[in-house]
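Chain by chain, the residues:
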Amino acid sequence: MVFYECVITTRNTANFAQLTKLVKEISQKVVGSGGIVRSVQNHGIRQVPHRFKAKYADREGNRYYKKGRFLSIYYDANPATQTAVTGICKMEEQVLRTTHLKARNKLWYVNIAREDKNPYIQRVREMEEAEANTMVQDA
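Computed from a predicted model, the values in this text were never measured in an experiment.

A. Quick peek at the overall build of the chain. Counting secondary structure elements, the chain contains 4 helices and 4 strands. For 139 residues, the compact-globule estimate of 2.2 N^0.38 gives 14 Å, and the chain exceeds it by more than 25% at 22 Å. Summarising its shape, the C-alpha atoms of the chain cover approximately 85 × 35 × 20 Å along the three principal directions. Taking the intrachain contacts of the chain between residues at least 6 apart in sequence as the baseline, contacts between residues at least 24 apart amount to 73%. For the chain, the computed accessible surface area is about 9,600 Å², with 52% contributed by carbon and sulfur atoms. Charged side chains of the chain number 23 positive and 14 negative; the gap between the two group centres comes to 15 Å.

Following this line, the structure appears as structure tokens:
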């Protein structure tokens, strides 16, 4: 299982029921595929770096947005589930943009099988080499 972060930018005019439906649909897909949803975070309404264009205009005729609501969903799942979650986001008309990131935490570095890429093992080796050099100099 891979630990993913899905950052979703939705229209700032999306109501609570629509957002709840989207998050529930994504969560059910992840759990149904054997994954685990770790957390859902609402980052609120923010300015976007440049105006975002929606696929379809809303009821007021707005198609371009200078503000958006940002959500993050953290979950463990296989890559096929990540593709399915991307498909769900693309089908939802309230979603302006979506980005999947492979989230990393400190435990990820500890669990690396390759010792040459593990920063903690490298630090221990450097300490051991420094200690060995001081013993050789003292002798």
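B. Inspection of the environment of Ile26 at higher detail. Tracing the backbone through its elements, the reader meets Ile26 in helix 1 (residues 16-32). If near-sequence neighbours (up to four positions away) are discounted, Ile26 is found in contact with Ile8, Ile73, Val85, Ile88 and Cys89.

C. Examining the pattern of salt bridges more closely. If you walk through the whole model with that rule in mind, you get 2 salt bridges. Of the charged contacts in the structure, one is a salt bridge between Lys21 and Glu92, with a shortest N-O distance of 3.8 Å. One end of the pair, Lys21, is in helix 1; the other, Glu92, is in the loop between helix 2 (79-91) and strand 4 (95-102), with 71 residues separating them in the sequence.

Reading the values: the criteria
- Residues numbered from 1 in each chain as written.
- Predicted model: local features only at pLDDT ≥ 70, side-chain atom pairs only at ≥ 80, totals over all residues.
- Heavy atoms only, no water.
- Helix = DSSP H or I, 4+ residues; strand = E, 2+ residues; numbered from the N terminus.
- Rg over C-alpha atoms; globule rule 2.2 N^0.38 Å.
- Contact = heavy atoms within 4.5 Å.
- Areas by Shrake-Rupley, 256 points an atom, 1.4 Å probe, with all protein chains shown as cover.
- Lys, Arg positive; Asp, Glu negative; His and termini not counted.
- Charge placed at Lys NZ, Arg CZ, Asp CG, Glu CD.
- Salt bridge = Lys/Arg side-chain N within 4 Å of Asp/Glu carboxyl O.

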